[in-house]
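For reference, the chains in residue letters:
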Amino acid sequence: FCVCVGWMDGACIHCLVAGDGQSVQMDSIKSGFVGSQVELRCIFVNSNPPVKISQVTWQKFLNGTKQNVAIANPSLGVSVLPPFKERVTFKQAAVRHRTPSLEDTTIMFSNLRLSDEAAYICEYTTFPAGNRENMVNLTVFARPLTRMTLTTPTIVARPQKRKMTVATCLSANGKPQSVIKWDTRLKGEATFQETQNSNGTVTVRSNYVVVPSRETHKQKLTCIVTYRNERITDSVVLNVQYEPEVKIEGFDGNWYLNRQDVSLTCNTDANPPVTVYQWKLLNGSLPSTVEIRNNSLIFKGAVTYELAGTYVCDATNGIGTRTGLVEVNVTEFPNNPPPGGREIPQEQHNAGAVIGGAVGGVVLLAAAATLLFVFLRRRQRTFKGDYSTKKQVFGNGYSKAGGLPAHPPIPNNLQYPDDSDDEKKPTQIAVTGGFEASERDFDGDTEDLKRPYFTVDEGESQDYDERTLAFQYNPGPDIADDMVSQTDGSVISKKEWYV
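Each value, and the rule that gives it
- Residues numbered from 1 in each chain as written.
- Predicted model: local features only at pLDDT ≥ 70, side-chain atom pairs only at ≥ 80, totals over all residues.
- Heavy atoms only, no water.
- Core = buried A, V, L, I, M, F, W, Y, C linked by side-chain atoms within 4.5 Å.
- Buried < 20%, exposed > 50% of the residue type's maximum accessible area, 1.4 Å probe, protein only.
- Helix = DSSP H or I, 4+ residues; strand = E, 2+ residues; numbered from the N terminus.
- Pairing = 2+ DSSP bridges.
- Axes fitted to C-alpha atoms, helices over the stretch in contact; angles between N-to-C directions.
- Disulfide = S-S within 2.5 Å.
- Contact = heavy atoms within 4.5 Å.
- Phe/Tyr/Trp six-rings, centres within 6.5 Å; stacked < 30°, edge-to-face > 60°.

Caption draft 1: Representation of the nonpolar core within the structure. Counting residues in hydrophobic clusters, the biggest one holds 29 residues, and the most contacted among them are W58, F109, Y120 and Y124. Elements with a contribution of two residues or more to this core: β5 (38-40), β7 (52-62), β8 (65-73), β10 (88-90), β11 (107-109), β12 (118-127) and β13 (130-141). Broken down by element, this core gets its largest block of residues, four residues, from β12. Counting residues in each nonpolar core, the second largest holds 21 residues, with W255, V262, L264 and C266 among its members.

Caption draft 2: Geometry of the sheet that holds β13. If you walk across this open sheet you meet the six strands as β4-β13-β12-β7-β8-β9, and the pairing is mixed. Edge positions in the sheet fall to β4 (29-33) and β9 (77-80), since each of these pairs with one other strand and no more. Across the sheet, the axes of successive neighbouring strands diverge by a mean angle of 25°, strand direction being ignored. In terms of strand pairing, β7 meets β12 through nine bridges, oriented antiparallel. Each residue of the ladder has a partner; that of V56, found in β12, is Y124.

Caption draft 3: Highlighting the state of the cysteines. Within the structure shown, the criterion is met by three disulfides. C42 shares a disulfide with C122; S-S distance 1.9 Å. One disulfide, between C42 and C122, carries an S-S torsion of -80° and so falls in the left-handed class. Taken together, the residues span a long stretch of sequence, with C42 in the loop between β5 and β6 (43-45) and C122 in strand β12 at a distance of 80 residues. The disulfide that involves C169 links it to C223, with 1.6 Å between the sulfurs.

Caption draft 4: Quick look at the sheet that holds β5. Pairing is antiparallel in the open sheet, where three strands are placed in the order β5-β11-β10. Each end of this open sheet is capped by a strand with a single partner; those strands are β5 and β10. For this sheet, the mean angle separating the axes of adjacent strands, direction not counted, is 25°.

Caption draft 5: Expanded view of the side chain of H217. Considering the arrangement of structural elements, one finds H217 in the loop between β19 (202-210) and β20 (220-227). Apart from the residues lying within four places of it in its own chain, the contact partners of H217 are L238, N239, V240, Y242 and N271.

Caption draft 6: Inspection of the packing of aromatic side chains at higher detail. The tally for this structure, following the rule as stated, stands at eight aromatic pairs. Here the aromatic rings of F33 and F141 are separated by 5.7 Å at their centres, their planes lie at 50°, and the arrangement is tilted. With F33 in strand β4 and F141 in strand β13, this residue pair connects regions lying 108 residues apart in the sequence. Ring geometry for F109 and Y120: centres 5.5 Å apart, planes at 75°, overall edge-to-face. Here F109, found in strand β11, pairs with Y120, found in strand β12; they are 11 residues apart in sequence, far enough to count as distant. F109 sits in the buried class, given a relative accessible area of 0%. For Y120, a relative accessible area of 0% corresponds to the buried category.

And the structure:
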């Protein structure tokens with residue numbers, strides 16, 4: 001009977017012949033890599049009684065066409081046809097003997113080529129049973145050539161921040177095709193391209209694109225190629241050249257007068273390294289006490305106000321020049337850090353200033369209110385009784401002093417001056433014994449308001465007209481010294497003033 005092993009457009013193009021008692025044993029599928037060796041097994045299982053093997057033929061079956069590869073004949077020997085002559089041999093040496101044994105006609109296929117991929121038929125010719133055959137499908141794989149390269153040995157970071165391809169990962173001439181992935185911390189993007197080659201292989205190319213910068217320098221970039229069940233990795237480390245990154249250190253915000261051993265250092269991060277450092281003072285010349293040592297400024301002696309200013313450091317490497325600066329302030333006294341050595345954040349300083357200002361304002365308002373209260377209180381305590389009190393000058397105004405000076409008798413009829421605030425009513429006062437008699441039974445609190453009085457201005461002439469009292473009175477020296485002039489022209493006793 002016939003077993004179809006080849007189909008085309010729904011029709012059988014090759015049929016394997018089998019019969020009762022005899023069979024040809026083969027592997028259905030075999031594979032190998034280009035350049036490697038593969039074994040194609042073919043064993044004839046004879047019947048009982050056995051049949052006679054007349055010949056064994058290996059054939060390549062491709063696209064409906066058969067091509068002889070090798071022939072073994074018991075009488076004529078072994079023949080391998082070109083282009084397989086140098087690469088195909090029978091595995092069993094007995095096949096090559098003068099009287100060969102042809103039950104096992106396995107062949108060894110070495111140095112495989114992509115063109116060797118096809119179906120191979122092992123056909124036995126027997127007598128009297130006829131032909132018996134079987135077939136194996138041979139697949140040839142091509143291991144890709146994988147490599148990873150930098151686009152250029154030196155990658156330069158430009159100020160324009162343009163994207164550029166920094167590395168390429170290639171998997172060339174693979175069968176089947178490979179899959180490429182990237183493993184990196186870089187923030188970039190990958191592009192992929194596949195090319196179908198004429199020999200059936202596929203080339204895959206992937207480019208990695210980034211914006212070169214200081215951050216991409218010394219970053220690792222790994223290409224991962226997956227081919228069938230294999231994982232192939234290759235890595236590169238980027239060498240990115242960039243201008244110097246400049247930072248001036250040494251000023252701690254606490255440069256005060258007479259401080260010793262201060263300096264400034266121009267620290268840089270650059271690739272390639274900085275070759276030239278240049279120091280200068282903005283809008284001025286460097287102080288005479290400064291010494292330049294490579295990338296440092298050493299200030300000799302004590303700190304003075306001369307050191308204050310903006311210091312500039314220009315750093316140059318093979319890519320370009322960058323500048324750093326620092327503003328140096330000099331204070332009269334040191335800024336002592338708080339206990340524990342922790343600096344107080346600027347936000348806390350600002351909050352403290354606001355709170356301090358508010359508290360200060362409240363304290364000032366309280367102080368002003370207190371002073372105003374004391375002043376008004378003193379004003380209230382200055383005058384006791386009504387306004388007539390301070391006009392008791394020449395009457396008994398000194399009653400609280402403990403005694404009365406000698407005073408002439410007061411006339412019975414009194415005339416009030418025009419500037420008196422009281423009603424101008426003559427009052428008849430009967431006095432016995434003058435002031436001497438009244439001194440013994442004088443009650444200051446009760447009698448003061450009953451005694452007649454008149455006022456004079458300080459420095460005013462004592463010549464009174466006819467409206468005034470008929471007599472003039474010159475107080476004694478202690479009385480004059482005890483008098484205080486008022487703004488309304490009257491005078492008042494100091495004893496009465498400070499009570």
